[in-house]
Amino acid sequence: MFELVFLGTAAAAPSAARGSPALLIARAPARFLVDCGEGTQRQLMRARLGFRGLGHVLLTHLHLDHVAGLAGLLATRQLFQLDDAIELVGSRETVAFARRYLSATIGTEREAGYRLRAVSPGLVLSRPGWRLSAVPVAHRATESLGYLFEEEARRALLPGRLDGLGVPEGPERAVLARGLPVVLADGRSVTPEMVQGPDVPGAKLAIIGDVEEVASLVEPVRRADALVIEATFLERDAALARSRGHLTAAAAARLACEAEIGELLLTHISGRYQAAEILAEASAVFPRVRVATDFDRVSVTAHFPPPPR
Ligand SMILES: [Zn+2]
């Protein structure tokens, strides 16, 4: 399960109600920030999330509304002497920009206690039971990335079978849970197959930042349990959306339909519209949609059965 906290849901400029783009993703004990718009450190405080345990900031692209909060956040961490390392991840172009911007404001990587890591589309990191990867995203000729969080399907142990076979509570059950056989005290062998239930699917979460076309995203985000994506414009301003390199709410919803998404979460909301208008346009195409508001919390769990083994 992934927990999301929307910290900033505005497009381009913040408003009284919406902060600049930032989204916290937690899969205990790991915490990630996706983008870090101006004022994100205060949004973290207002959400009572604090700064601890934040291991990575994943940057979608280098536009100022998505990165301007980095220097302040890192400076405050220094002031509070939080010296657990924080890694800033993005494309080569984004990381090169962050390097110039941060070294001119708070100091270089070595002085200021952050690390920059340029990644290409593909695997970013792998943890037991889940992985994070990056996908290319088209937005105004930037080197933009989207991020996919994917849990592996797992087979849970059936307590009735464990009890029936006399497998004691403790290390033997942990070994079986890791998919390995055990030999019990009385000499009998128990294999994982003897005590496993059916596959339990893992959750898939797709986060796409600013984007101007969706055809290339259908396969990468396919069957995600949740898709977070921008919806900066409405169809009546489709020409403006195209010229600014953004999506309309209907275009985001068409992607959700085509890619068989579980739930569509729209963000990057322009001050020119009411959220209700965006919701109405998207839900006419794809009903399982909501328009995010700052401080919304959403749990993402698996909706879909796993692929056949
Ligand atoms: Zn933006």
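In this text, all values refer to a predicted model and were calculated from it rather than measured experimentally. (Residues numbered from 1 in each chain as written. Predicted model: local features only at pLDDT ≥ 70, side-chain atom pairs only at ≥ 80, totals over all residues. Heavy atoms only, no water.)

**Thoughts on empty space enclosed by the protein**
Phase 1 of the analysis: Taken as a whole and assessed by the stated rule, the structure comprises one cavity of 30 Å³ or more.
Phase 2 of the analysis: Estimates place the volume of the largest cavity at around 160 Å³.
Phase 3 of the analysis: Lining of the largest cavity is provided by 19 residues; of these, P21, D35, H66, G209 and T267 occupy positions nearest its centre.
Phase 4 of the analysis: When contributions to the lining of the largest cavity are tallied by element, the ones reaching two or more residues are β1 (2–8), β2 (22–27) and β15 (226–230).
Phase 5 of the analysis: No other element matches β15, which puts three residues into the lining of the largest cavity. (1 Å grid on protein atoms, 1.4 Å probe; cavity = no way out; pocket = protein on both sides within 12 Å on 5 of 7 lines; lining within 4 Å. Points joined across faces, edges and corners; volume = space filled by probe spheres on them. Helix = DSSP H or I, 4+ residues; strand = E, 2+ residues; numbered from the N terminus.)

**Notes on the layout of surface pockets**
Phase 1 of the analysis: In this model, the second largest pocket occupies a volume close to 220 Å³.
Phase 2 of the analysis: The wall of the second largest pocket is formed by 15 residues, among which A12, D65, R140, H246 and H268 lie closest to the centre.
Phase 3 of the analysis: A per-class count over the lining of the second largest pocket returns three nonpolar, seven polar and five charged. (Nonpolar A, V, L, I, M, F, W, Y, C, P; charged D, E, K, R; others polar.)

**Side note on the environment of L180**
Phase 1 of the analysis: Mapped onto the elements of the fold, L180 is located in the loop between α7 (171–177) and β11 (182–183).
Phase 2 of the analysis: Here L180 falls in the partly exposed class, since its relative accessible area comes to 43%.
Phase 3 of the analysis: Separated by 26 residues in the primary sequence, L180 and A206 have C-alpha atoms spaced 32 Å apart.
Phase 4 of the analysis: Among residues more than four places away in sequence, those in contact with L180 are V175 and P192. (Buried < 20%, exposed > 50% of the residue type's maximum accessible area, 1.4 Å probe, protein only. Contact = heavy atoms within 4.5 Å.)

**So, unusual backbone geometry**
Phase 1 of the analysis: Along the chain, A28 connects to P29 via a cis peptide bond; the corresponding omega equals 0°.
Phase 2 of the analysis: With respect to the helices, strands and loops of the structure, P29 is situated in the loop between β2 and β3 (30–34).
Phase 3 of the analysis: Its identity is not glycine, yet R140 carries a phi of approximately 45°, on the positive side.
Phase 4 of the analysis: With respect to the secondary-structure elements, R140 resides in the loop between β8 (130–137) and β9 (144–151).
Phase 5 of the analysis: Within the chain, E260 stands out as a residue other than glycine whose phi angle is a positive 55°.
Phase 6 of the analysis: Structurally, the position occupied by E260 is in the loop between α11 (249–258) and β16 (263–267).

**Observations concerning the coordination of the zinc ion**
Phase 1 of the analysis: Taken together, D65 (OD), H66 (NE2), D210 (OD) and H268 (NE2) make up the full set of protein donors to the zinc ion, lying 2.1 to 2.4 Å away.
Phase 2 of the analysis: Because the angles between the four donor atoms bound to the zinc ion fall within 92 to 163°, the donor set is best described as irregular.
Phase 3 of the analysis: Of note, the zinc ion draws all its donor residues from one chain, in the sequence arrangement D-H-x143-D-x57-H. Separated by 58 residues along the polypeptide, D210 in the loop between β14 (204–207) and α9 (218–221) and H268 in the loop between β16 and α12 (275–283) bring together distant segments of the chain.
Phase 4 of the analysis: Classification of D210 by relative accessible area gives buried; the value is 4%. (Donors = N, O, S within 2.8 Å, 3.2 Å for Na, K, Ca; no water. Tetrahedral: all angles 85-135°; square planar, octahedral: opposite > 155°, others 65-115°.)

**Examining the nonpolar core**
It is characteristic of soluble globular proteins that their nonpolar side chains tend to be buried jointly.
Phase 1 of the analysis: Of all hydrophobic cores here, the largest spans 35 residues; its most connected members are I229 and L266.
Phase 2 of the analysis: Secondary structure elements with two or more residues in this core: β8, α9, β15, α11, β16, α12 and β17 (289–291).
Phase 3 of the analysis: If we ignore the near neighbours within four places in the chain, the residues touching L266 are I229, A231, A252, I278, A282, V289, R290, V291 and A292.
Phase 4 of the analysis: In terms of nonpolar packing, the next biggest core, distinct from the first, is built from 29 residues, L24, L88, Y114 and L116 among them. (Core = buried A, V, L, I, M, F, W, Y, C linked by side-chain atoms within 4.5 Å.)

**Topic: the packing of helix α3 (residues 70–79) against helix α4 (residues 92–105)**
Phase 1 of the analysis: Direction vectors running N to C along α3 and α4 enclose 50°, while the axes themselves pass 10 Å from each other. With respect to α4, the axis of α3 lies oblique. α4 is crossed by α3, and the crossing has right-handed handedness. Mapping the contact onto sequence places L70, A71 and L74 in α3 and Y101, L102 and T105 in α4.
Phase 2 of the analysis: A class-by-class count of the residues in the contact of α3 with α4 yields five nonpolar, one polar and no charged. (Axes fitted to C-alpha atoms, helices over the stretch in contact; angles between N-to-C directions. Parallel < 35°, antiparallel > 145°, perpendicular 65-115°, else oblique. Left-handed = near helix turned anticlockwise from the far one by under 90°.)

**Observations regarding the sheet that holds strand β6 (residues 114–118)**
Phase 1 of the analysis: Spatially, the seven strands line up as an open sheet ordered β6-β5-β4-β3-β2-β1-β18, and their pairing is mixed. Looking at strand neighbours, the two that pair on one side only are β6 and β18 (297–300), the edges of this open sheet. Averaged over all pairs of adjacent strands, the angle between strand axes in this sheet comes to 20°, irrespective of strand direction.
Phase 2 of the analysis: Relative to β6, strand β5 (residues 86–90) is paired through five bridges, and the arrangement is parallel. Within β6, the residue paired with G90 across the bridge is A118.
Phase 3 of the analysis: Where α4 meets the sheet, its contacts fall on β5 and β6, and the angle it forms with β6 comes to roughly 155°. (Pairing = 2+ DSSP bridges.)

From the geometry alone we can't say anything about function, so treat these as descriptive.
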